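Here is how the chains run, residue by residue.
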Amino acid sequence: MNRRLKTVDLFKMLFRCFLIQGSWNFKVLIGTGFCFCALPITRRLSETTEEQKEFLYEHLTFFNAHPYFASWCLGAVAKLEEEAAADNWESKQIISQFKKTLTGPLGSIGDRIFWNGVKPLASGIGLILALLIGWYAFIVFLVLYNIPHFYFRIKGLFIGYKNGFDIVTIISEKPYRRFIVFLSILGAIVAGIYAVLACKWSYDQNHYLAVAFAVSVLTTLVFLDLNKPVWMSLVFSVIFSIVVKIIFFFTV
Amino acid sequence: MWLELLALGLWSGVVSMDTTAVMQVMISRPLVSCLITGAILGDYQLGLIIGIYLELLWINELPIGAAKFLEGNVGATAAAAIAVYSFQNSLRIVPSIVFSLLLALAISHLGGYLVKKMRYVNGDAFDKLLVDPNISAAKVEKLHFKGILYSFLIGIVIIPVFAVVLGWFALPLLISWLPVSVDQFLEPVNAAFLGVGSAILMFMFTRHKQWWMIFIGFCAGLLYLLIK
């Protein structure tokens, strides 16, 4: 019997990738989610209940990666499981080891590209547009964010499936370094533009609000630089802003 | 009214799920979720304003690995609902916004606590599954969908409950006790939220030693204002 995955199985896995964090827990983090996403593999390849159980125990283990990049590992695992079934591997220990190896790089690249790059950048652009054109901004925000999101999720599964073990040579920050630098430069420019426009927006509501805004920005930057939590800088910013108002109230 | 609450409840569940469990297409970000919450309750502009104030407040709360994070998206969505209801019932915009923003902080802590509890419940279910002699693919799916359901329930319970209790009753009552003259002293709190968010965004990129790029952004912003 030809034990091969079909294209439909890959699409089922792709769909499931979007739910990978559904059963997030402190025991195996997204390990359960990974197993959930990999179920189309066992449904296609396992011939007996025992084989399926073995597959489940193999994948109900610790797994952590950036959720958008987990599909890279999933695709590669699909390929390896397929090879294991076709060639009747005696032990699939190497697949578990392979998953562990990918955990670090997949988390690191994803966090740098998305949580530290695309997300704040798209938010900054969305906010600038919200101040300038109003509610339409949310459409731009969602499009800007989700183009790379969907791209990496979809591409990852198919590249992983194509390359199997060789995915390890593809996954490194090096190919994305330029993209990450680009995101950080653009993000910094957007942060600067947003600060000016938000200050002007506050000024348009009432001129002392621009002063309160500036005081809050400076207070927060100092607190963040001192590694203090955001709530603390928020409390002090609120207090200082009210003080600014009181000063304006008695002097202007 | 009941239809409106039902729509709010369903939307809240979607927001809660999108935060982590399902899709993560960022419809749960305050900029989107507050706007839509406002639209559902009949005041999209106020929803958008709340979204603008809160969008950046939790942007550096990174849901990395096992790190504990605040449920800012749920907090912000609740804040938008509370602000709209409070304004409709008190007719005073400044205190409605300010108290809603402050309540968003408290609700985000509660949301974070519930998410943590949910993850422990998921962990217990995982332990039970592992020792189940009849473990199967269907049981893994059941466990997974239960996790998604819990996530949905967190949103559907927290947001409408706080919107009704605080937005309909508590806040309008509190605001009615406050003299109108106090409003002008509360107004700077909005600017403080905006300033804190702006600073957080800047700080995220200064970690990459991009101060000079932020300066270029300042200049570009000023140039735009001058041309405009």
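Heads up: these notes are all about the structure in this document. Note that the structure is predicted; figures quoted are calculated from it, not measured. (Residues numbered from 1 in each chain as written. Chains lettered and ligands numbered in written order. Predicted model: local features only at pLDDT ≥ 70, side-chain atom pairs only at ≥ 80, totals over all residues. Heavy atoms only, no water.)

Looking now at the overall build of chain B. A tally of regular secondary structure across chain B gives eight helices and zero strands. Along its sequence from the N terminus, chain B presents helices and strands in the succession α-α-α-α-α-α-α-α. Along the three orthogonal principal directions, the C-alpha set of chain B runs to about 70 × 50 × 25 Å. Counting over 228 residues, chain B shows a buried share of 59%. Restricting the contact set of chain B to residue pairs at least 6 apart, pairs at least 24 apart contribute 78%. (Helix = DSSP H or I, 4+ residues; strand = E, 2+ residues; numbered from the N terminus. Buried < 20%, exposed > 50% of the residue type's maximum accessible area, 1.4 Å probe, protein only. Contact = heavy atoms within 4.5 Å.)

Contact residues are listed per partner, giving 84 residues for chain B and 91 residues for chain A. Buried area between chain B and chain A, summed over both chains or domains, comes out near 7800 Å², and the portion from carbon and sulfur atoms is 75%. At the boundary of chain B and chain A, one finds three salt bridges. In this structure, Glu141(B) engages Arg43(A) in a salt bridge whose closest nitrogen and oxygen atoms are separated by 2.8 Å. Summed over the shared surface of chain B and chain A, the number is 21 residue pairs in polar contact (both at pLDDT 80 or more). Those elements giving two or more residues to the side of chain B that touches chain A turn out to be α2 (30-41), α3 (44-54), α5 (93-131), α6 (137-177), α7 (183-206) and α8 (211-227) of chain B. Broken down by element, the residue count for the side of chain B that touches chain A peaks at 19 residues, all from α7(B). Class assignment for the residues of the side of chain B that touches chain A results in 57 nonpolar, 17 polar and 10 charged. (Buried area = accessible area lost by both parts, 1.4 Å probe. Salt bridge = Lys/Arg side-chain N within 4 Å of Asp/Glu carboxyl O. Polar contact = N/O pair within 3.5 Å; in protein donor to acceptor, adjacent residues only side chain to side chain. Nonpolar A, V, L, I, M, F, W, Y, C, P; charged D, E, K, R; others polar.)

Core analysis: the biggest nonpolar cluster contains 155 residues, and Ile113(A), Tyr194(A), Ile52(B) and Leu54(B) have the highest contact counts within it. The element that contributes the greatest number of residues to this core is helix α5 (residues 93-133) of chain A, accounting for 15 residues. Residue contacts for Leu54(B): discarding those within four places in its chain leaves Pro30(B), Ala76(B), Ala79(B), Leu101(B), Ala104(B) and Phe193(B). (Core = buried A, V, L, I, M, F, W, Y, C linked by side-chain atoms within 4.5 Å.)

Mapped onto the elements, Ser151(B) comes out in helix α6. Exposure remark for Ser151(B): the relative accessible area of 5% places this residue in the buried category.

Next up on the list: the packing of helix α1 (residues 2-19) of chain B against α6(B). All names here are of chain B. At a minimum axis separation of 7 Å, α1 and α6 run at an interaxial angle of 135 degrees. Looking at the two axes, α1 sits oblique to α6. Note that α1 runs across α6; the crossing there is right-handed. Two secondary-structure elements touch here, α1 through Leu5, Leu8, Gly9, Leu10, Ser12, Gly13, Val14, Ser16 and Met17 and α6 through Ile148, Ser151, Phe152, Ile154, Gly155, Ile156, Ile159, Pro160, Ala163, Val164 and Trp168. Of the residues belonging to the contact of α1 with α6, the class tally is 14 nonpolar, six polar and no charged. (Axes fitted to C-alpha atoms, helices over the stretch in contact; angles between N-to-C directions. Parallel < 35°, antiparallel > 145°, perpendicular 65-115°, else oblique. Left-handed = near helix turned anticlockwise from the far one by under 90°.)

Next up on the list: the packing of aromatic side chains. Residue and element names in this part refer to chain A. The tally for this structure, following the rule as stated, stands at 28 aromatic pairs over all chains. Their ring planes at 90 degrees and their centres at 5.2 Å tell us that Phe249 and Phe250 sit as a pair that is edge-to-face. The exposure class of Phe249 is partly exposed, given its relative accessible area of 38%. Through pairs of rings, three or more aromatic residues link up here, namely Tyr68, Phe69, Trp72, Phe114, Trp115, Tyr145, Tyr151, Phe152, Tyr176 and Phe179. It is Lys79 that lies over the ring of Tyr161; its NZ or CZ is 5.3 Å from the centre. (Phe/Tyr/Trp six-rings, centres within 6.5 Å; stacked < 30°, edge-to-face > 60°. Lys NZ or Arg CZ within 6 Å of the ring centre and 35° of its normal.)

To continue, consider a nonpolar patch on the surface. The grouping of Leu132(A), Ile133(A), Trp135(A), Tyr136(A), Ile139(A), Val143(A), Ile147(A), Tyr44(B) and Tyr224(B) at the surface amounts to a nonpolar patch, some 840 Å² of accessible area in total. Among the structural elements, Trp135(A) can be located in the loop between α5 and α6 (137-163). Using a relative accessible area of 32% as the deciding quantity, one classes Trp135(A) as partly exposed. (Patch = residues over 30% accessible without salt bridge, like charges linked within 9 Å, V, L, I, M, F, W, Y side chains within 5 Å. Areas by Shrake-Rupley, 256 points an atom, 1.4 Å probe, with all protein chains shown as cover.)

Residue and element names in this part refer to chain A. For the structure on display, the rule yields 11 salt bridges over all chains. Measuring nitrogen to oxygen at the nearest pair gives 2.8 Å for the salt bridge that ties Glu81 to Lys92. Placement of Glu81 in helix α4 (residues 70-87) and of Lys92 in the loop between α4 and α5 is noted, with a sequence separation of 11 residues between them. You can call Glu81 buried: its relative accessible area is 3%. For Asp204, the salt bridge identified is with Lys200, shortest N-O distance 2.9 Å.

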